[in-house]
Amino acid sequence: MRIADLIMEKILLNRVHLENSRSIEVYLAHEGYEGLKKALAMTPKEVTEEVKKSNLRGRGGAGFPAAMKWGFAAADPNTPKYLLCNADEGEPGTCKDRQIMEGDPHELIEGMIIAGYAFGAEFGYIYLRAEYPRLVGILETAIAEAGEKGFLGRGILGSDFNFTIRVHRGAGAYICGEETALIESIEGKRGQSRIKPPFPVNVGVFGKPTVVNNVETLSNVSHILRKGGKWFAGIGPEKCPGTRIVSLSGHVERPGYYELPMGVTFREVIYEHGGGIRDGKALKAFIPGGASAPCLTSQHLDVKMDYDSVAAAGSMLGSSALMVMDETTCMVKVAERLTRFFVHESCGKCTPCREGTDWLLKLLQRIEGGQGKEGDLDLLGEICDNISGKTFCPLGEGALGPVRGTLKYFEEEYREHLRLKGCPLKAGIGNS
Amino acid sequence: MQGTMTAKFSEEMLKRIEEILKRYATKRAAVLPVLYLAQKEFGCINDTALAAVSRALKISRADVYGLATFYSMFHEEPLGRNVIFLCDNLACTLLGAESLRDHLEKKLDIRMGETTADGRFTLKNAECLGACGQAPVMLVNDDFYEGLTEARIDEVLEKYK
């Protein structure tokens, strides 16, 4: 009932289809900066409490409660404090943050200003992935517009709150989506993860208390202030409320991005919104949350798309990038392709990740190429165990997702590669 | 190496660097934006560019080189007038990116990573361009082209001289 009532109501993408949706005039005509005005009439602590009430959880992938991060950073006496918006959307399959920034940049900016006010940050940076070059100008224009109207800068709307936002363009490194690597990168270093603790909320960028929030997380904030934490908490599952922008790709009739309440089933997304599998073929597998998430199969179609349900099914919701594969797809090839990505993106700091991903790739390539040997599957599992839990950051763990997922559900297909000395589905992937 | 001893940015670029430095708490934090400027001014991150960045930000040349080689947007060799990034990550591969790569390589008569003899195009592969819902995709300079087919690629390339 909760979900059904709200199925068509969009929160984040309710303005992107308007003409000139990026401009501040259109934004102001559609409740823009109302959330900020409300926030500035409250104390920072009250703002944090309101967001806590909403139970907004981080949309980058980990699902950590946003208000809790703010509370930690606010409690640290060290100043100045920094807000970093993670716009390094790089998890393969994900194209959600781009929709917000391209279509409604002020939604993000307003969320950042409110977040900054809530925990006492003076400086905000948007760490934007290099592959979105046009967005630099779009965001900088929106920042300038907000400044002209007094929403950014010194003494915002007559208060004593000062806040600036800068766009920092990344330079093509997936690892910089990990929060400590992102911090290193802004500081002008190689994007290599730091060990935690200390956590960024205490020792972040330039050694100061820092909150790193994802674009989609921050973009929810103005709506929460405007309509109340209680309203937000009532959408979707109790433990993980709100909507989610699902990036739907692969072998479906209608790929694209869909804003849906948390907790809709995979079946609904793939078959109702996505129009089902292309060309009347059968579903073979789907990856529920970007490249790092182990694949699931048709037996999981009724799993709900929220962090806890997907975790209980043995995978992760991550960035809610749903990649769908039909019956013609070779799952060894899928694992090989995604592993090649992780080899390329491993920052090289931790040996298990740097060396281990490379060995995984060699094995997968030889199995797919028909030179696999008896014992290779055990060896794959062993290398996974040697990476798991032994790296500074989650990249190493993420690299195991494709291998472990495909081995779990498609071991027989791997064995067939060994038996036939080649791929039984060679014509499949990429030729549909 | 002789040329690198005096390598530096033009006056205009130095002014832009001054502006960039105001955005950060440390000088070093400006290194990525300054590397982008260097790539623009010197055509690629060669010895001259490394020396100019090193001098402008007081970071050793080896350190700058370590950064330039870590991030995939910086290139040690000059690129063509137009740069094509063809995505071949999973979502694009599921929808035919591999045959599009073959088509591009054949049409331009180069392999991935190479530049055409006339300097018109450089072809590179990309690890997910964030347009998976419209796969397969490529980025040409600053613009996305989505839902690619061979015919669409042929049409798009005509626009770039």
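Values in this document were obtained by computation on a predicted structure and should not be read as measured data.

Draft legend 1. Main features of the overall build of chain B. Counting its regular elements, chain B contains 7 helices and 4 strands. In chain B, the succession of helices and strands from N to C terminus is α-α-α-α-β-α-α-β-β-β-α. Dimensions of chain B, computed from C-alpha atoms along their principal axes, come out at roughly 50 × 35 × 25 Å. Sequence-distant contacts, at least 24 apart, represent 60% of the contacts inside chain B between residues at least 6 apart. When the accessible surface of chain B is totalled, it reaches about 7300 Å², and 48% of it is carbon and sulfur. Averaging the positions of the 21 positive and the 24 negative side-chain charges in chain B gives two centres separated by 8 Å.

Draft legend 2. Spatial organisation of the nonpolar core. Formed by 143 residues in total, the largest nonpolar core has its most connected members in Ile113(A), Phe163(A), Leu35(B) and Tyr71(B). Per-element accounting of this core gives the leading share, 9 residues, to helix α7 (residues 105-119) of chain A. Excluding residues that lie within four positions of it along the chain, Tyr71(B) makes contacts with Tyr127(A), Ala171(A), Gly172(A), Ala173(A), Cys176(A), Ser185(A), Lys189(A), Arg190(A), Gly191(A) and Leu32(B). Counting 24 residues, the second-largest nonpolar core is a separate cluster that includes Tyr258(A), Leu260(A), Met262(A) and Leu301(A).

Draft legend 3. Spotlight on the layout of surface pockets. Space inside the second largest pocket adds up to approximately 1000 Å³. Considering the residues around the second largest pocket, the lining is formed by 28 residues, among which Arg169(A), Tyr36(B), Gln39(B), Lys40(B) and Asp142(B) are closest to the centre. Of all elements in the fold, only α8 (133-148) and β3 (164-169) of chain A together with α1 (11-21), α2 (31-42) and β1 (82-87) of chain B reach the threshold of two or more residues within the lining of the second largest pocket. By residue number, the principal contributor to the lining of the second largest pocket is α2(B), which donates 5 residues.

Draft legend 4. Structural view of the packing of aromatic side chains. Here the structure, examined in full by the defined rule, presents 18 aromatic pairs over all chains. Relative to Tyr24(B), the ring of Tyr125(A) lies with its centre 5.6 Å away and its plane at 5 degrees, an arrangement referred to as stacked. Taken together, the residues Tyr125(A) in strand β2 (residues 121-128) and Tyr24(B) in the loop between α1 and α2 connect one chain to another. Of the residues examined, Tyr24(B) reaches a relative accessible area of 8% and is grouped as buried.

Draft legend 5. Summary view of the interface of chain A and chain B. Taken together, the contact between chain A and chain B spans 60 residues of the former and 43 residues of the latter. Interface area, chain A with chain B, both sides summed: about 4000 Å², of which 57% is carbon and sulfur. For the pair chain A and chain B, the interface holds 5 salt bridges. Asp143(B) serves as the salt-bridge partner of Arg134(A), at 2.9 Å between the closest nitrogen and oxygen. At the boundary of chain A with chain B, the tally comes to 20 residue pairs in polar contact (both at pLDDT 80 or more). Considering every element that reaches the side of chain A that touches chain B, the biggest residue donor is helix α14 (residues 331-345) of chain A, with 8 residues. A class-by-class count of the residues in the side of chain A that touches chain B yields 27 nonpolar, 18 polar and 15 charged.

Draft legend 6. Just the domain arrangement of chain A, in detail. Residue and element names in this part refer to chain A. For chain A, the domain assignment lists domain 1 (3-233), domain 2 (243-326) and domain 3 (331-431). Using only C-alpha atoms to locate each centre, domain 1 and domain 2 end up separated by 26 Å. Taken together, the 24 residues of domain 1 in the interface contact 21 residues of domain 2. For the pair domain 1 and domain 2, the two sides together bury roughly 1900 Å², of which 56% comes from carbon and sulfur. For the interface between domain 1 and domain 2, the tally reads 2 salt bridges.

Draft legend 7. Representation of the sheet that holds strand β5 (residues 243-250) of chain A. All names here are of chain A. Spatial strand order, β6-β5-β8-β7: 4 strands in an open sheet with mixed pairing. Looking at which strands have only one partner, the edges of the open sheet turn out to be β6 (256-261) and β7 (283-287). On average, each strand axis in the sheet is inclined to that of its neighbour by 30 degrees, with strand direction left out of account. Looking at chain direction, β5 and β6 are connected through 6 bridges and run antiparallel. The partner of Val-246 across the bridge, within β6, is Tyr-258. Against the sheet, helix α12 (residues 266-273) engages β5, β6, β7 and β8 (321-326), with an angle of about 65 degrees to β8. Strands in contact with α14 are β7 and β8; relative to β7, the strand with the most contacts, it is inclined by about 20 degrees.

Draft legend 8. Molecular detail of the pairing of β3(A). Residue and element names in this part refer to chain A. Bridge analysis of β2 against β3 gives 6 bridges, and the strand direction is parallel. Residue pairing across strands places Leu-128 opposite Arg-169, the latter belonging to β3. Of the crossover connections in this fold, the one passing from β2 over α8 to the parallel β3 is right-handed.

Each value, and the rule that gives it
Just so you know, the residues in each chain are numbered from 1, in the order the chain's sequence is written. To label them, take the chains in the order written and letter them from A, then take the ligands in the order written and number them from 1. For this predicted model, a pLDDT threshold of at least 70 governs which residues receive local features, and a threshold of 80 or more governs which side-chain atom pairs are given and counted, while totals over whole chains, interfaces and linings are taken from all residues. Only heavy atoms go into the side-chain values, all of them from the structure, while hydrogens and water stay out. Secondary structure elements follow DSSP: runs of H or I of four or more residues count as helices, runs of E of two or more count as strands, with numbering from the N terminus. Whether two residues are in contact is decided by their heavy atoms: any pair within 4.5 Å suffices. Every accessible area reported is derived by Shrake-Rupley at a probe size of 1.4 Å, with residue values counting cover from the shown protein chains alone. When charges are tallied, Lys and Arg are placed among the positive residues and Asp and Glu among the negative ones, while His and the ends of the chain are skipped. Note that the charge is assigned to NZ on lysines, CZ on arginines, CG on aspartates and CD on glutamates. Here the nonpolar core consists of buried residues drawn from Ala, Val, Leu, Ile, Met, Phe, Trp, Tyr and Cys, with membership extended through side-chain atoms lying within 4.5 Å. Think of it in three bands: residues with accessible area under 20% of the maximum for their type are buried, residues over 50% are exposed, and the middle band is partly exposed, with areas taken using a 1.4 Å probe on protein chains only. With a 1 Å grid laid over protein atoms only, a set of points is called a cavity when a 1.4 Å probe fits there but cannot get out and a pocket when it is open yet has protein on both sides within 12 Å along at least five of seven lines; lining residues have an atom within 4 Å of a point. Grid points are joined across faces, edges and corners, and a volume is the space filled by probe spheres set on the points. Two rings belonging to Phe, Tyr or Trp (six-membered ring only in the last case) form a pair when the distance between their centres is within 6.5 Å. Interplanar angles under 30 degrees mark stacking, angles over 60 mark edge-to-face geometry, and anything in between is tilted. Defined here as a combined quantity, buried area equals the accessible surface (1.4 Å probe) lost by two parts on assembly, summed across both. When a carboxyl oxygen of Asp or Glu is within 4 Å of a side-chain nitrogen of Lys or Arg, the pair counts as a salt bridge. In protein, a polar contact requires one atom able to donate a hydrogen and another able to accept it; more generally it is a pair of N or O atoms within 3.5 Å, and residues adjacent in sequence count only if both atoms are side-chain atoms. Gly is placed with the polar residues, together with every amino acid not listed as nonpolar (Ala, Val, Leu, Ile, Met, Phe, Trp, Tyr, Cys and Pro) or charged (Asp, Glu, Lys and Arg). The domain limits used here are those given by an automatic or database domain assignment. Note: two strands are recorded as paired if DSSP finds a minimum of 2 bridges between them. Angular values range over 0 to 180 degrees, each being the angle between N-to-C directions of two axes fitted as lines to C-alpha atoms, with helices fitted over their stretch in contact. The handedness rule is simple: strands pointing away from the viewer, and a clockwise path from the first strand over the helix to the second, make the crossover right-handed.

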